[in-house]
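Chain and residue survey
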Amino acid sequence: TSALVKATRKVNKKIYFLIGHGERDLDGTGEEGLKALKEEMERYAAKVESLSLLSGSKIPEDATAIVIAGPSTVLLDSEIAALKEYARQGGHLFIMADPGQKHNLAQLTKDLGVEFSNTYVTNGGIQIQNVSPLSPVGLQFDSSSEITKPFVAGSTFSLFHLASEVRSTPASPKTMHYSALVKTGDRGISISELSNTAKQGEMRSYTLGVSVKGTFAE
């Protein structure tokens, strides 16, 4: 969080968190609440507010970024269209999607050439004290990104309480640049669902977060 904020704090920012689809509570103080994140961002001269597009409202012109934090229901077609147009005009989107949720964020990310596997990435049988197997550990970081540059492989890790693999699609626009921000170690494993009969993926490194920047293909 701190690395992300520092990378974008050159001037005052206005960050809007989308609401209306079961997203994480911006003022929540529990494990799934975002109050601590909000306060941390405000420490670095970022003003944080919620934003609803359900009634056809337009995205404010002062929006530095729109955050979509863990929706559990689908977005309206009009909302998807507004967010796509915002990105097409040079806006910034920060999308966090939990596995197992019936969102339709794929309609938004496919134009960016990004897809979610919607599977659960695990630690591959590696036991970490007081950490759930469904909390994969990020061990590999993109040293060229302003977001993950402070994370040094081998001496730093990031913990994800739930995560699915995210990757660029085979048909990713050539006008976009993709960066795999954080990956698990080589012993990561994915499962298709939370059940005893879940299909298990291969053991390998899984990408947990990517950044995309560039221009849309015309």
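Now for a look at the structure at hand.

This part is about a nonpolar patch on the surface. The grouping of Leu139, Phe157 and Leu159 at the surface amounts to a nonpolar patch, some 270 Å² of accessible area in total. Among the residues examined, Phe157 registers a relative accessible area of 53% and is labelled exposed.

One pass over the full model with this rule turns up 1 aromatic pair. On the numbers, 5.0 Å between centres and 25° between planes, the contact of Phe141 with Phe151 is stacked. Of this pair, Phe141 sits in strand S8 (residues 140-141) while Phe151 sits in the loop between S8 and strand S9 (158-159), and the two are 10 residues apart along the sequence. Residue Phe151 is classed as partly exposed on the basis of its relative accessible area, which comes to 25%. Arg88 extends its terminal NZ or CZ atom over the ring of Phe216, reaching a point 4.4 Å from the ring centre.

Mapped onto the elements of the fold, Asp98 is located in the loop between strand S4 (92-96) and helix H4 (106-109). Among the polar contacts listed, one links the side chain of Asp98 to the side chain of Arg24, at a separation of 2.6 Å. Contacts of Asp98, omitting those with residues within four sequence positions, involve Arg24, Gly70, His103, Asn118 and Leu162.

This part is about helix H2 (residues 35-43). Of all the residues in H2, the buried ones are Leu37, Lys38, Glu40 and Met41. All buried residues of H2 lie within an arc of 165° about the axis, which places them on one face of the element. Within H2, the exposed residues directed more than 90 degrees away from the buried face are Ala36 and Arg43.

What counts and what doesn't
- Residues numbered from 1 in each chain as written.
- Predicted model: local features only at pLDDT ≥ 70, side-chain atom pairs only at ≥ 80, totals over all residues.
- Heavy atoms only, no water.
- Patch = residues over 30% accessible without salt bridge, like charges linked within 9 Å, V, L, I, M, F, W, Y side chains within 5 Å.
- Areas by Shrake-Rupley, 256 points an atom, 1.4 Å probe, with all protein chains shown as cover.
- Salt bridge = Lys/Arg side-chain N within 4 Å of Asp/Glu carboxyl O.
- Buried < 20%, exposed > 50% of the residue type's maximum accessible area, 1.4 Å probe, protein only.
- Phe/Tyr/Trp six-rings, centres within 6.5 Å; stacked < 30°, edge-to-face > 60°.
- Helix = DSSP H or I, 4+ residues; strand = E, 2+ residues; numbered from the N terminus.
- Lys NZ or Arg CZ within 6 Å of the ring centre and 35° of its normal.
- Polar contact = N/O pair within 3.5 Å; in protein donor to acceptor, adjacent residues only side chain to side chain.
- Contact = heavy atoms within 4.5 Å.
- Arc of directions from axis to C-beta.

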